Amino acid sequence: MSKMMKYILVTGGVISGIGKGIIASSVGTILKSCGLHVTAIKIDPYINIDAGTFSPYEHGEVFVLDDGGEVDLDLGNYERFLDIRLTRDNNLTTGKIYQSVINKERRGDYLGKTVQVVPHITDAIQEWVVKQAKVPVDDDQVEPQVCVIELGGTVGDIESMPFIEAFRQFQFKVKRENFCNIHVSLIPQVSVLSPDTCALFCSCLPSCVCAQPSATGEQKTKPTQNSVRELRGLGLSPDLIMCRCSTVLETSVKEKISMFCHVEPEQVICVHDVSSIYRVPLLLEDQGVVSFLSRRLNMPIEAKPRKMLTKWKEMSDRSDRLLEQCSIALVGKYTKFSDSYASVIKALEHSALAISHKLEVKYIDSACLEPATLQEEPVKYHEAWQKLCSADGILVPGGFGVRGTEGKIHAITWARKQKKPFLGVCLGMQLAVCEFARSVLEWTDANSTEFDPETSHPVVIDMPEHNPGQMGGTMRLGKRRTIFKSGSSVLRKLYGDAEYVEERHRHRFEVNPELKSHFEEKGFRFVGQDIEGERMEVIELDDHPYFVGVQYHPEFTSRPIKPSPPYLGLLLAAAGKLQSYLLKGCRLSPR
């Protein structure tokens, strides 16, 4: 293979949220399985500098990287699929580009020239991509050979125009054999009603409903034709058109797309709905994507069995065969939008698959567990408690703000008293401390100063390094070391009896170290602390099957084949297998 970097740009058409992130990750995965070093860049056309201040309802979770970068959740997909470690500069936003160009202009780098979108912004985009593509992302620190770039949004959006123009120029700078474009488009399926039924509807309704989206109807190519036409008009020609559809693409539809979109039939790839996202790389491999990219980008790839894809196939097959079920109650405040907890759900899935159980997540809005809801909406209150009580394990994830915190504390009380397996992450751990202080230490007003600055028992306090001036980038962020202080810690055993672990953080508040001794006297142990011993990182409760809290976010480093130990512990305890797992030296039974 020539030493030139190979760039694969993934664009999207028709609608956003079509699955570009999973497809970009899957393309990277099948190339990595061929022995290539692959990196990934996500471009978000919004003006925010990073994802740190986003509402989880608008963009889903904020994913945190080793270097503390707060980025789009798609970078989580790249890390999980490709098993790589990215940095904050792998997420490029309009805000970052404009900020860097404006800073250069203020320093006088442009020597008095008029600074414009073309060439200054477009040049800055290309320079950023070229520089970031060379940054090693694998443990062996080898420079990547392939860079997969996902352009967020849809082709035609006004905010993505400078990026499209930048890549139009870029394809000529790096030469054709080093750049290709994959365009992801939607193929809707529409059911057409019979003439009699249609007439009935049309006579009754002001608008005709004779064509309705359906999983069993005719596959329509017009949206894809229009999307590709628009992309071509902007100067980019797709090399592969990946068609998202609910069922397998019909041959006639594939030929129609080939004819009207100016590509060979082999360049039209069907990405239909599958039982698990881990099947997508296998789907692309089966349709010859590797051999096409090998020819198109002049990458000689040996035709040999690929262990990595074999593992993915085994994992996908096992996922489809699972019979035993395990339910986890996820008690949070953003439960109406599952992407708000994307990495948490993935970490649970990885752990459930490892113990050969089908995962059922019961989403519970924590506010519904509070007594106020019993007065206002009793049905919601009883439904929420029924879900909680019937779950095999309870998870309270991270979050910000006071809304719903009392409901989370009620859930923690239930988990502690009923000896239900419990995992508290970040805020979940802090609230477990508050709950224990109130119920066992009898400090009835114990609270976090985030929610009650005047409390007489501030068990959770503002961290000293926090700067309250700016909202963005002011937290304790990124990879930090946690030292285990106890040899008998359950979590330490789950981590393979490690002396320390390095996990990612995203928080402003800490457990008050001055009150530590009061808790430990009652069996509430702080088994993991930071290097200085000032910050409480891991809590465990004596005489409980599994009551664990972690200040860090272990879900960000969970991988399909290597699940996160705190989540694995929760699933093992929920399935009644934790003790046998620990007795076997933390080894799972043969499947």
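What counts as what
- Residues numbered from 1 in each chain as written.
- Predicted model: local features only at pLDDT ≥ 70, side-chain atom pairs only at ≥ 80, totals over all residues.
- Heavy atoms only, no water.
- Axes fitted to C-alpha atoms, helices over the stretch in contact; angles between N-to-C directions.
- Helix = DSSP H or I, 4+ residues; strand = E, 2+ residues; numbered from the N terminus.
- Parallel < 35°, antiparallel > 145°, perpendicular 65-115°, else oblique.
- Left-handed = near helix turned anticlockwise from the far one by under 90°.
- Contact = heavy atoms within 4.5 Å.
- Nonpolar A, V, L, I, M, F, W, Y, C, P; charged D, E, K, R; others polar.
- Pairing = 2+ DSSP bridges.
- Buried < 20%, exposed > 50% of the residue type's maximum accessible area, 1.4 Å probe, protein only.
- Arc of directions from axis to C-beta.
- Domains from an automatic or database assignment.
- Buried area = accessible area lost by both parts, 1.4 Å probe.
- Salt bridge = Lys/Arg side-chain N within 4 Å of Asp/Glu carboxyl O.
- Polar contact = N/O pair within 3.5 Å; in protein donor to acceptor, adjacent residues only side chain to side chain.
- Patch = residues over 30% accessible without salt bridge, like charges linked within 9 Å, V, L, I, M, F, W, Y side chains within 5 Å.
- Areas by Shrake-Rupley, 256 points an atom, 1.4 Å probe, with all protein chains shown as cover.

1. A closer look at the packing of helix α1 (residues 20–32) against helix α3 (residues 74–82)
Now for step 1: Between α1 and α3, whose axes approach to 9 Å, the crossing angle comes to 25 degrees. Considering their axes alone, α1 and α3 lie roughly parallel with respect to each other. Note on packing geometry: the crossing formed by α1 with α3 is right-handed. Touching Gly 21, Ile 22, Ala 24, Ser 25, Ser 26, Gly 28, Thr 29 and Lys 32 of α1 are Asp 74, Asn 77, Tyr 78, Phe 81 and Leu 82, all from α3.
Now for step 2: Among the residues forming the contact of α1 with α3, the class breakdown is five nonpolar, six polar and two charged.

2. Points about the sheet that holds strand β18 (residues 458–462)
Now for step 1: Here we have three strands laid out as an open sheet, ordered β17-β18-β21, and mixed in their pairing. The sheet is open, and its two borders are formed by β17 (447–448) and β21 (509–511), each paired with just one other strand.
Now for step 2: Here three bridges tie β18 to β21, and the two strands are oriented antiparallel to one another. Bridge pairing in β21 links Asp 462 to Phe 509.

3. Some thoughts on helix α9 (residues 251–260)
Since the α-helix turns once every 3.6 residues, residues separated by three or four places project in the same direction.
Now for step 1: All buried positions along α9 are accounted for by Val 253, Ile 257 and Ser 258. All buried residues of α9 lie within an arc of 140 degrees about the axis, which places them on one face of the element. Along α9, the residues that are exposed and aim more than 90 degrees away from the buried face are Thr 251 and Met 259.
Now for step 2: Considering only its buried residues, α9 is in contact with β10 (218–219), α8 (222–233), β11 (240–245) and β12 (268–272).

4. What about the sheet that holds strand β24 (residues 547–550)?
Now for step 1: Strand order in the open sheet made by the nine strands is β14-β13-β15-β16-β24-β23-β22-β19-β20, with mixed pairing throughout. Each edge of the open sheet is held by one strand with a lone partner, namely β14 (358–365) and β20 (500–507). Averaged over all adjacent pairs, the angle separating strand axes in this sheet is 25 degrees, with direction ignored.
Now for step 2: Where strand β23 (residues 536–541) lies against β24, three bridges are found, and the strand directions are antiparallel. Within the sheet, the bridge partner assigned to Ile 539 lies in β24 and is Gly 549.
Now for step 3: Across the face of the sheet, helix α16 (residues 405–417) comes into contact with β13 (325–332), β15 (393–396), β16 (422–425), β23 and β24 while running at roughly 145 degrees to β15.

5. Topic: α3
Now for step 1: Of all nine residues that make up α3, nine are buried, and the element is covered over most of its length.
Now for step 2: Just downstream of α3 lies Asp 83, where phi reads positive at about 50 degrees.

6. What to know about the pairing of β20
Now for step 1: Counting buried residues in β20 gives six out of eight residues, a clear majority hidden from the surface.
Now for step 2: Examined bridge by bridge, strand β19 (residues 476–484) and β20 share eight bridges and lie antiparallel to one another. Counted as the bridge partner of Gly 478 is His 505 from β20.

7. Some words on unusual backbone geometry
Now for step 1: Note that the residue after Val 118, namely Pro 119, is joined by a cis bond; omega there is 15 degrees.
Now for step 2: Secondary-structure assignment places Pro 119 in helix α5 (residues 117–133).
Now for step 3: Here His 262, not a glycine, exhibits a phi torsion of approximately 65 degrees, which is positive.
Now for step 4: Within the secondary structure layout, His 262 lies in the loop between α9 and β12.
Now for step 5: Given a relative accessible area of 65%, His 262 falls into the exposed group.
Now for step 6: At Glu 442, a position not held by glycine, the phi torsion is positive, near 60 degrees.
Now for step 7: Mapped onto the fold, Glu 442 is located in the loop between α17 (427–439) and β17.
Now for step 8: Given a relative accessible area of 63%, Glu 442 falls into the exposed group.

8. Considering the domain arrangement of the protein
Now for step 1: Taken domain by domain, the protein comprises domain 1 (6–43 + 124–189 + 217–315) and domain 2 (323–463 + 470–584).
Now for step 2: Just the C-alpha atoms count here: the centres of domain 1 and domain 2 sit 38 Å apart.
Now for step 3: Carbon and sulfur atoms supply 78% of the area that domain 1 and domain 2 bury against each other, a total of about 460 Å² over both sides.
Now for step 4: Contact with domain 2 buries area across many residues of domain 1, yet Tyr 278, Lys 311 and Met 315 alone supply 81% of it, more than any other trio.
Now for step 5: Applying the counting rule to domain 1 against domain 2 returns zero salt bridges.
Now for step 6: Counting across the domain 1 and domain 2 interface gives one residue pair in polar contact (both at pLDDT 80 or more).

9. A short note on a nonpolar patch on the surface
Now for step 1: Taken together, the side chains of Tyr 98, Ile 102, Val 117 and Val 118 define a hydrophobic patch exposed on the protein surface, amounting to about 310 Å² of accessible area.
Now for step 2: Elements with a minimum of two residues in the nonpolar patch: α4 (94–107) and α5.
Now for step 3: Within the secondary structure, Val 117 is located in helix α5.
Now for step 4: When its relative accessible area of 37% is taken as the criterion, Val 117 is described as partly exposed.

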